[in-house]
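These are the residues of each chain, in order.
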Amino acid sequence: MRLLHTSDWHLGQLFYEHERIDEHQAFLAWLLTQLREQAIDVLLISGDIYHTATPPSRAEKQFYQFIEAAKSACPELQIVVIAGNHDSAKRITTAESLLAQFDTQIIGHYQHQAPELSTVNITKGDEQCLILALPYLRSCDIPSASQSYSTAVQQAYTSMLDNSEFDTQTNVIAMGHLHARGAAVSEDSERALVIGGEDAIGADVFPAEACYVALGHLHKAQMVNSQERIRYSGTPFAMSFNERNYRHQCLLVEVADGALQSVNPLYIPTFRKLHLLPEGEVVPLTELCQQLSALPDDNAQPGYIRVRLSSKELSTDFREQIDAALAGKNLLFCGIERVRSQQQAKQDEVEFQDLSQLERLDADHLLSVALEEHSELSEQDLNDEIKTLFSQLVADVEQELSHED
Ligand SMILES: [Mn+2]
């Protein structure tokens, strides 16, 4: 069976006051093409469909129109959706029975008295799929106050398995929306989302019976503990400037006879590029304006621009100068970050700046830069293959290093 794993769409998100509905629409159109061309049997959406518990009606309309369009393009498609911490478990399930008519199962709330309500069985030919669709667990969903979050998650998966019929040939898939230990967190768009003060949970809570674990919540696509079967798909596009160098993707997962066959990223085109200038140390205003003027003119697709300016910069007309440098460019302005220079900064802030330089030395980003500079490597297919192999290599090295610790 061919599954497509995605999460954290955050429909309805405003980005520094800018509407993102066009970006979401472009992503959904791309996704629709993938569902058809890749002959997907099951689409898994691992939470945070919406950015807020009370999404704007245009965001809900976008979601329902997508479900309808996906089913008319791919009549055999099955869709399984879980609520994330940003979604309202109640609101997201109001159209539950209508969505069921479109082979779409939406699980808002895990009920420990009725674990079978969170499982979905899908049959295609001789292949059976059992999906343990565990939505984000809120503290009120945890049966006993003394139980830890990890234990509650583990018990939920165990209860769902205990209440299901399956054998070694069944493809058991676990879904979850949580922060798993051994995964990388994006600095600003997830920090506030880490489960209400709970520690990240260990990879051992996921059932051994699951040949694949489709996770949502963290915005960077990644494996957990370098396990091929436990994955975050990440967001379809950057939700903050810190995520501007992520390779946004959906995951194409093949399972057969109860075993994982392959996982491959499907890279999502960038609809709006994020520019943060200057990269690295702040520069004088005139130099910043030169960098802004050098940005490409009027692309068909607008981008976002955020600038960093030294707090020592005292010109009263800095905003006018920045606006003049950006004139005629199709860029949506995302504000000015006032940065204290190193001389002003205390020791801990100096260290923080060094860490921000480390982020820019992210291995995937360096590879992208190298590929861009070598035109003989610019074939997209080759790039994707190299990037996948390289990500695997980096994950292996990180695993080695963590064993040495
Ligand atoms: Mn989340």
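Residues numbered from 1 in each chain as written. Predicted model: local features only at pLDDT ≥ 70, side-chain atom pairs only at ≥ 80, totals over all residues.

Taking an unreviewed UniProt entry as the reference, the protein is identified by name as Nuclease SbcCD subunit D belonging to Pseudoalteromonas qingdaonensis. Regarding the protein, the relevant UniProt record gives this comment under Sequence similarities (unreviewed entry): "Belongs to the SbcD family." Per UniProt, the protein has the following entry under Function (unreviewed entry): "SbcCD cleaves DNA hairpin structures. These structures can inhibit DNA replication and are intermediates in certain DNA recombination reactions. The complex acts as a 3'->5' double strand exonuclease that can open hairpins. It also has a 5' single-strand endonuclease activity." (UniProt positions renumbered as here; feature names shortened; annotations may be inferred.)

With that out of the way, let us pick up the packing of helix H6 (residues 285-293) against helix H7 (residues 318-326). Contact geometry of H6 with H7 gives a least axis separation of 8 Å together with a crossing angle of 25°. Between H6 and H7, the angle falls in the class roughly parallel. Between H6 and H7 lies a crossing of right-handed hand. The segment H6 lies against H7, with Leu285, Cys289, Leu292 and Ser293 engaging Phe318, Gln321, Ile322, Ala325 and Leu326. Within the contact of H6 with H7, the residues separate by chemical class into 7 nonpolar, 2 polar and no charged. (Axes fitted to C-alpha atoms, helices over the stretch in contact; angles between N-to-C directions. Helix = DSSP H or I, 4+ residues; strand = E, 2+ residues; numbered from the N terminus. Parallel < 35°, antiparallel > 145°, perpendicular 65-115°, else oblique. Left-handed = near helix turned anticlockwise from the far one by under 90°. Contact = placed C-beta atoms within 7 Å. Nonpolar A, V, L, I, M, F, W, Y, C, P; charged D, E, K, R; others polar.)

A few words on the nonpolar core. Formed by 91 residues in total, the largest nonpolar core has its most connected members in Leu43, Leu44, Leu134, Val153, Ile173, Ala174 and Met175. Residue assignment places this core across two domains, with domain 1 (2-267) and domain 2 (274-360) each supplying three or more. (Core = buried A, V, L, I, M, F, W, Y, C linked by C-beta atoms within 7 Å. Buried ≥ 20, exposed ≤ 12 C-beta atoms within 10 Å, placed from the backbone. Domains from an automatic or database assignment.)

Let us look at unusual backbone geometry. Following Leu277, the chain continues into Pro278 via a peptide bond in cis, with omega recorded as -5°. When you line up the elements, Pro278 lands in the loop between strand S15 (274-277) and H6. One non-glycine residue with positive phi stands out, namely Asp257, at about 50°. With respect to the helices and strands, Asp257 occurs in the loop between strand S13 (249-256) and strand S14 (259-267).

It is worth spelling out the pairing of strand S12 (residues 227-232) at this point. Of the strand pairs in this sheet, strand S10 (residues 210-216) and S12 are connected by 3 bridges, and their pairing is parallel. Bridge pairing in S12 places Val213 opposite Ile230. As defined by bridge partners, strand S11 (residues 222-224) adjoins S12 across 3 bridges and the pair is classed as antiparallel. Residue pairing in the sheet places Met223 in a bridge with Arg231 of S12. Connecting S11 to the antiparallel partner S12 that follows it, the hairpin turn spans 2 residues, and Asn225 within it adopts a positive phi of roughly 50°. (Pairing = 2+ DSSP bridges.)

Turning our attention to the sheet that holds strand S17 (residues 331-339). A sheet is described by the order of its strands in space; here 3 strands give the open sequence S15-S16-S17, paired in parallel fashion. Every interior strand has two partners, whereas the edge strands, S15 and S17, have only one. The sheet shows a mean angle of 15° between the axes of neighbouring strands, taken without regard to direction. Pairing of S15 with strand S16 (residues 303-310) involves 4 bridges; the strand directions are parallel. Within the sheet, the bridge partner assigned to Leu277 lies in S16 and is Val307.

A word on the environment of Ser310. Tracing the backbone through its elements, the reader meets Ser310 in strand S16. What makes Ser310 partly exposed here is the crowd of 17 C-beta atoms within 10 Å. Sequence-wise, Ser310 and Val282 are 28 residues apart; in three dimensions their C-alpha atoms are separated by 5.9 Å.

Taken together, the 6 strands give an open sheet; going across it, the order is S6-S5-S4-S1-S13-S14, and neighbouring strands pair in mixed fashion. Each edge of the open sheet carries a strand with a single partner, namely strand S6 (104-107) and S14. When strand polarity is set aside, the average angle formed by the axes of neighbouring strands in this sheet is 20°. Bridge analysis of S13 against S14 gives 8 bridges, and the strand direction is antiparallel. Paired with Ala256 across the strands is Ala259, a residue of S14.

Chain-level pLDDT for the protein is 87 on average; 85% of the residues reach the 70-or-more range. With pLDDT under 50 throughout, residues 191-197 is counted as low confidence; its partners more than four residues away or in other chains account for 8 contacts. Contacts from residues 347-356, a stretch scored under 50 in pLDDT, to residues over four places away or in other chains number 4 contacts. (pLDDT = per-residue confidence, 0-100.)

Once that is clear, we can look at the environment of Gln65. Residue placement: Gln65 occurs in helix H2 (residues 57-73). Remark: the alpha-carbon pair of Gln65 and Leu28, spanning 37 residues in sequence, is separated by 9.9 Å.

Contact pair helix H1 (residues 21-37) / H2: the axes reach a minimum separation of 10 Å and the direction vectors enclose 15°. By the angle between their directions, the pair H1 and H2 is classed as roughly parallel. Handedness of the H1/H2 crossing: right-handed. Residue-level inspection shows Ile21, His24, Gln25, Leu28, Leu32, Leu35 and Arg36 of H1 in contact with H2, the latter providing Arg58, Gln62, Phe66, Ala69, Ala70 and Ala73.

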